[in-house]
Structures are given as C-alpha cells and as structure tokens.
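# Breakdown of the fold
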Amino acid sequence: MVIYGVALLAACLLIGKAVGELIGMAIGVHSDVGGVGIAMLMLVFLVYRLQQAGCLDMTSRRGVEFWSSLYIPIVVAMAASQNVVGAVTGGPLAIVGGLLVVGVSFALVPVIARLGRGKYAEPLPPIDEADAHEANPHA
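Cut-offs applied
Numbers given for residues are sequential positions, taken from 1 along each chain in its written order. In keeping with the model being predicted, local features are shown solely for residues with a pLDDT of at least 70 and side-chain atom pairs are shown and tallied solely at 80 or more, while totals for entire chains, interfaces and linings include all residues. As a convention, hydrogens and water are excluded, and side-chain values are obtained from all of the structure's heavy atoms. Helix and strand assignments follow DSSP, with helices taken as H or I runs no shorter than four residues and strands as E runs no shorter than two, numbered in order from the N terminus. For every residue, the accessible area (1.4 Å probe, protein chains only) is compared with the maximum for its type, and the residue is labelled buried under 20%, exposed over 50%, or partly exposed between those bounds. The contact criterion used throughout is that any non-hydrogen atoms of two residues lie within 4.5 Å. Note on areas: Shrake-Rupley, 1.4 Å probe, and residue coverage restricted to the protein chains presented here. The definition of a nonpolar core used throughout is a set of buried Ala, Val, Leu, Ile, Met, Phe, Trp, Tyr and Cys residues joined through side-chain atoms within 4.5 Å. Values of pLDDT, which run from 0 to 100, indicate the predictor's confidence residue by residue. By definition here, a helix of n residues has an expected span of 1.5 Å times n minus one. Picture the helix axis, draw a direction to every C-beta atom, and the arc is the one those directions span. A patch consists of residues exposed above 30% relative accessible area that lack any salt bridge, with like charges linked at up to 9 Å and nonpolar side chains (Val, Leu, Ile, Met, Phe, Trp, Tyr) linked at up to 5 Å. The term salt bridge refers to a pairing of a side-chain nitrogen on Lys or Arg with a carboxyl oxygen on Asp or Glu at a separation within 4 Å.

## Here's the deal with the overall build of the chain
- The secondary structure content of the chain amounts to five helices and zero strands.
- Counted from the first residue to the last, the chain has its helices and strands arranged as α-α-α-α-α.
- Scored against the burial criterion, the 139 residues of the chain give a buried share of 17%.
- A separation threshold of at least 6 residues defines the contact pool for the chain, and within that pool the share at least 24 residues apart is 60%.
- Put simply, the chain shows about 10,300 Å² of open surface, and 73% of that area lies on carbon and sulfur atoms.

In structure tokens:
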C-alpha cells in the first residue's frame, strides 16, 4: 500500500533528524548536523533491502517514489538555504569552502558519468509476470 511508503519515509526522517541532533550535541553544536542526509541514506538503504527481501510490493514502491520525489528536493532546498545563511554569517572561510565543494562536485560529474558506462550500461531486464500483475492487478 502507498501508506507503507509514506510511513517508511516519515520514519527515516524522524530517525535521521534525531541522529543529527545527537551528532550536533556530541560535537557541541546546538543544531541538527546531517539529519536530512542521514534520513536520505536510510531511505535509500531500506528501500533497497526491502526490495531484495521481497517485502515491498509495487504500490508501496510507488508510494516511496512519489513522496521521495517531492520530499528530497524540498528538504534539500530548505537545508541549503539554512547553510547559506550560516555561511554568510560565518565569514569568508565558510563561503570559500562552500564554493570549493560545489566546484569539485561539478568537476566530478563527468567522472561519475563515465564510471556508470561499464557493466550497468545494459538495459534493465523485462518485467516478469508477477511484477507486471502486481503493478496493474486489473489487467
């Protein structure tokens, strides 16, 4: 069911935010440190593991895909705006560090694209009968 996908997404967010708060307290910062990133990694990992175990049916997968397609850009944009405010008030070193990280990330895009051309360049296998029926049970 789609609601399971939403529940999985919500659980990842809550756990990620809690872990981010704990990391912030451990390093002496009174803020969430990496909670959104932790939540995203948990969501990707859990969906992958549940798909491998066969515990995530097609409608639950679609629920996760739908909400994560909305959730990820919005939360990342919110976190990015907070980081910009912190960088501007933090001084020139924070701004230079941020610009350097963005530049390196842009430079690595072609490298990562070339890495993906190896064994994963083949198209995905066709959907088997069970998955096709699960995706459209009324057909």
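## Here we look at the nonpolar core
- Residues Leu8, Leu9, Cys12, Leu43, Val47, Leu56 and Val64 constitute the largest nonpolar core, which totals seven residues.
- For this core, the secondary-structure elements that each account for two or more residues are helix H1 (2-27) and helix H2 (35-53).
- Ranked by residue count, the leading element in this core is H1, at three residues.
- The residues touching Val64, leaving out its near neighbours within four places in the chain, are Gly5, Leu8, Leu43 and Val47.

## A look at the confidence of the model for the chain
- Predicted confidence across the chain gives a mean pLDDT of 75, with 70% of residues reaching 70 or more.
- The secondary-structure element of the chain with the lowest mean pLDDT is helix H5 (residues 129-135), recorded at 58, while H1 shows the highest, at 84.

## Notes on the environment of Arg62
- Summarising the element assignment, Arg62 is placed in helix H3 (residues 58-90).
- With relative accessibility at 44%, the residue Arg62 sits in the partly exposed group.
- Along the sequence, Arg62 and Val6 sit 56 residues apart, while their C-alpha atoms lie 9.9 Å from each other.

## Here we look at H2
- Here H2 contains 19 residues, and its C-alpha end-to-end distance of 26 Å stays within 8% of the 27 Å for a straight helix at 1.5 Å per residue.
- What H2 keeps buried is the set Gly35, Val36, Ala39, Met40, Leu43 and Val47. What you see down the axis of H2 is that its buried residues fit within an arc of 140 degrees, all on one side. When the buried face of H2 is taken as reference, the exposed residues oriented beyond 90 degrees from it are Leu41, Val44 and Ala53.
- Looking at the residues trailing H2, positive phi occurs at Gly54, about 75 degrees.

## Description of a nonpolar patch on the surface
- Taken together, the side chains of Leu100, Val104, Leu108, Val111, Ile112 and Leu115 present a nonpolar region at the surface, about 580 Å² in accessible area.
- Relative to the assigned elements, Val111 resides in helix H4 (residues 92-115).

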